[in-house]
Amino acid sequence: MLTIYNTLSKTKEVFKPLDGNKVRMYVCGMTVYDYCHLGHGRSMVAFDLVTRWLRKSGYELTYVRNITDIDDKIINRANENGESFDALTARMIDAMHEDERRLSILPPDLEPRATDHIPGMHAMIQTLIDKGYAYAPGNGDVYYRVGKFVGYGKLSRKKIEDLRIGARIEVDEAKQDPLDFVLWKGVKPGEPSWESPWGPGRPGWHIECSVMSTCCLGESFDIHGGGSDLEFPHHENEIAQSEAATGKQYANAWMHCGMIRINGEKMSKSLNNFFTIRDVLDKYHPEVVRYLLVASHYRSAINYSEDSLRDAKGALERFYHALRGLPRVEAKGGEAFVERFTVAMNDDFGTPEACAVLFDLVREINRLRDSDPEAAAGLAGRLRELGDVLGVLQLEADDFLRAGAEGKVDAAEVEALIQARLQARTDKNWAESDRIRDQLTAMGVVLEDSKGTTTWRLAD
């Protein structure tokens, strides 16, 4: 029985889809003005994991993750680059998809873009105006009237009276209340704009997700997700807009993943302490980065460091060493491991415990490798099966263990030296065998002998 921690109720709840076995999930995606950093990767991988487990559990999932392709940051960056906003976003979307593929992130079922949903935003804004939840002061802007929505703050547990302390209205704003937020922004010189009932302009950020989510999934759906930094004000404002417009509960469960932290601070472009996904993948194998992101619980913060990446690499090497030399066969045996893995994942996607199960499974494979190789191979298939839920362990063992060898060593030369060493050992020429091993060690090659065969990998 799957339980999910619901940020709205602040408790773990038994997951019950609104419509039988069908699950509808919306996750806030990227604002595509620059390359994705590892914090974005954290969110993408976290909800890819959720997607994989829901489908593995037999649910019929529709996964929607939006693209914000118009906002202040996009406009400013495009102007800095001397290019149109849509040329910038097209490049960044292509780059984002490339990063996703390298991290084995499955594409969402639907990937709506904000600029494709302008008419829907006009319709929802007009509904809010008609119901008294929004107002157009006549300057081209439209604002949401926060004080009218009784449930404001229910997600973040913030109180309106506390939020008003220190809040103020900027000189160029026409708000009735400092807490009111913009739904539609009147056009400014040099900015892209769309015609609207209130004059040319562009949408506010919050209304984009309310419209895209309800357009794709309906007025109420099962799961809304995103990074914990979006809980307030973005997700709080989404609830206020959507529930005021429809009169229905917006999302049944809210999921928020933890941040990547560097020296105790959130990784973000505004703090200039970020690493892009491609920066990290230039130094580390994609599966190492992926494992770093899934080995911690999705709600916890991850401290990014060279040590944590080395630990992730070491864990994967241990898994792949267990798979090495065993034939790819159908998963067989290990039902107790599957049961433990399932219990862990059903407890709010408990990946730390799930990874511990994989380590125990590796120990059993290694124990049986010599005495019962057929059973070991069946368990190796089971290891790959469970690893697939985490998005890892699908490569050939040698391909992972020798990753990065290209350009550093000549694989044909290494194989020739290994054969020469095996012949020397057959001839009991131990001095020559040792000399060849030393030569390979100097080349950065680690040898592993087992039952008359020798495999190799690059040293760390």
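Please read all numbers here as calculations on a predicted model, not as lab measurements.

Participant: Describe empty space enclosed by the protein, naming the residues involved and giving the relevant values.
Facilitator: Enumeration over the complete set of coordinates arrives at two cavities of 30 Å³ or more. In this structure, the largest cavity occupies an estimated 40 Å³ of space. Leu-323, Leu-326, Pro-327, Arg-328, Val-329, Ala-377, Ala-380, Gly-381 and Arg-384 together form the lining of the largest cavity. Examining the composition of the lining of the largest cavity, we find that four residues originate from one element, helix H13 (residues 373-390), more than from any other. For the lining of the largest cavity, the residue count by class is six nonpolar, one polar and two charged. The volume enclosed by the second largest cavity comes to roughly 30 Å³. Along the walls of the second largest cavity sit Arg-42, Val-45, Ala-46, Leu-49, Leu-293, Val-294, Ser-296, Tyr-298 and Thr-351, which together make up its complete lining. Taken together, the elements giving at least two residues each to the lining of the second largest cavity come down to helix H1 (38-56) and helix H9 (286-295). Residues that form the lining of the second largest cavity fall into these classes: six nonpolar, two polar and one charged. Counting residues domain by domain, the lining of the second largest cavity receives three or more from each of domain 1 (1-256) and domain 2 (260-399).

Participant: An account of the nonpolar core is requested, with residue identities and associated values reported.
Facilitator: Formed by 126 residues in total, the largest nonpolar core has its most connected members in Tyr-144 and Phe-341. Considering each element in turn, this core owes the most residues, nine residues, to H1. No fewer than three residues from each of domain 1 (1-256) and domain 2 (260-399) sit in this core. Not counting the four nearest positions on each side in its chain, Tyr-144 is found in contact with Leu-128, Tyr-133, Ala-134, Phe-149, Asp-180, Phe-181, Leu-183, Ala-240, Gln-241 and Ala-244. Judged by nonpolar contacts, the second largest core, of eleven residues, contains Leu-417, Ile-418, Leu-422 and Val-445.

Participant: An account of the packing of helix H11 (residues 335-346) against H13 is needed here, citing residue identities and associated values.
Facilitator: For any two helices packed against each other, the geometry is given by the interaxial angle and the distance between the axes. Between H11 and H13, the least distance of the axes is 11 Å, while the angle of their chain directions is 10°. On the basis of their axis angle, the class for H11 and H13 is roughly parallel. Across the interface between the two elements, Glu-335, Val-338, Phe-341 and Met-345 from H11 touch Arg-382, Leu-386, Val-389 and Leu-390 from H13. Classifying every residue of the contact of H11 with H13 by side-chain character gives six nonpolar, no polar and two charged.

Participant: Can you explain the pattern of salt bridges? Please cite residues and give values.
Facilitator: Where side chains of opposite charge bring their charged atoms close, a pairing between them can arise. On inspection of all chains with the given rule, the structure shows 34 salt bridges. Notably, a salt bridge pairs Asp-72 with Lys-185, separated by 3.4 Å at the nearest N-O pair. Here Lys-185 lies in strand E7 (residues 181-186) and Asp-72 lies in helix H2 (residues 72-81), a separation of 113 residues in the sequence. Of the residues examined, Asp-72 reaches a relative accessible area of 35% and is grouped as partly exposed. Among the salt bridges present, the one from Arg-382 reaches Glu-385, with a minimum N-O distance of 3.0 Å. Of this pair, Arg-382 and Glu-385 both sit in helix H13, three residues apart, which is roughly one turn of that helix. Salt bridges here are not isolated pairs; linked through shared partners, they connect Asp-48, Arg-52, Arg-290 and Asp-388.

Participant: For the state of the cysteines, give the residues involved together with the corresponding values.
Facilitator: For the structure on display, the rule yields zero disulfides. With no disulfide of its own, Cys-215 lies 4.9 Å from the sulfur of Cys-216, the closest cysteine sulfur. Of the cysteine sulfurs around Cys-257, a residue in no disulfide, the closest is that of Cys-28, at 11 Å. Judged by relative accessible area, which is 1%, Cys-257 ranks as buried.

Participant: Go over the domain arrangement of the chain with me, naming the residues and quoting the values.
Facilitator: Partitioning the chain into domains gives domain 1 (1-256), domain 2 (260-399) and domain 3 (403-456). For domain 1 and domain 3, the distance between their C-alpha centres works out to 56 Å.

Participant: Could you give me a rundown of the packing of H9 against helix H10 (residues 306-323), with the residues and numbers involved?
Facilitator: At a minimum axis separation of 8 Å, H9 and H10 run at an interaxial angle of 105°. Classified by the angle their axes make, H9 and H10 are roughly perpendicular. Of the residues in H10, those in contact with Glu-287, Val-288, Val-289, Tyr-291 and Leu-292 of H9 are Ser-308, Leu-309, Ala-312, Lys-313, Ala-315, Leu-316, Phe-319 and Tyr-320.

Participant: Break down the UniProt feature "domain: Cysteinyl-tRNA synthetase class Ia DALR" (unreviewed entry) in the chain for me, with residues and values.
Facilitator: Under the present numbering, the feature "domain: Cysteinyl-tRNA synthetase class Ia DALR" (unreviewed entry) in UniProt falls on residues 340-401. Taken end to end, residues 340-401 comprises 77% helix and 0% strand; its first and last C-alpha atoms sit 28 Å apart.

Participant: Account for the sheet that holds strand E13 (residues 302-303), naming residues and giving values.
Facilitator: What the three strands build is an open sheet, ordered E12-E11-E13; its pairing is mixed. With one partner strand each, in any of the chains shown, strand E12 (265-266) and E13 form the two edges of the open sheet. Bridge analysis of strand E11 (residues 260-262) against E12 gives two bridges, and the strand direction is antiparallel. Bridging from a neighbouring strand, Ile-262 pairs with Glu-265 of E12.

Participant: Mind laying out the sheet that holds strand E6 (residues 142-144), listing which residues take part and the relevant values?
Facilitator: Strand order in this open sheet of four strands is E5-E6-E7-E8, and the pairing throughout is antiparallel. Only two strands of the sheet have a single partner each, and these edge strands are strand E5 (134-135) and strand E8 (201-203). Pairing of E6 with E7 involves three bridges; the strand directions are antiparallel. Bridge pairing in E7 links Tyr-144 to Phe-181.

Participant: Would you mind going over unusual backbone geometry in detail, with residue names and values included?
Facilitator: Geometrically, the link from Phe-232 to Pro-233 is a cis peptide bond, its omega value of 5° lying close to zero. Mapping Pro-233 onto the fold places it in helix H7 (residues 231-246). Located in the positive-phi region is Arg-157, a residue other than glycine, with phi close to 65°. Here Arg-157 shows up in the loop between E6 and helix H5 (160-164). Phi is positive for Lys-428, which is not a glycine, with a value near 60°.

Criteria and cut-off values
Residues numbered from 1 in each chain as written. Predicted model: local features only at pLDDT ≥ 70, side-chain atom pairs only at ≥ 80, totals over all residues. Heavy atoms only, no water. 1 Å grid on protein atoms, 1.4 Å probe; cavity = no way out; pocket = protein on both sides within 12 Å on 5 of 7 lines; lining within 4 Å. Points joined across faces, edges and corners; volume = space filled by probe spheres on them. Helix = DSSP H or I, 4+ residues; strand = E, 2+ residues; numbered from the N terminus. Nonpolar A, V, L, I, M, F, W, Y, C, P; charged D, E, K, R; others polar. Domains from an automatic or database assignment. Core = buried A, V, L, I, M, F, W, Y, C linked by side-chain atoms within 4.5 Å. Buried < 20%, exposed > 50% of the residue type's maximum accessible area, 1.4 Å probe, protein only. Contact = heavy atoms within 4.5 Å. Axes fitted to C-alpha atoms, helices over the stretch in contact; angles between N-to-C directions. Parallel < 35°, antiparallel > 145°, perpendicular 65-115°, else oblique. Salt bridge = Lys/Arg side-chain N within 4 Å of Asp/Glu carboxyl O. Disulfide = S-S within 2.5 Å. UniProt positions renumbered as here; feature names shortened; annotations may be inferred. Pairing = 2+ DSSP bridges.

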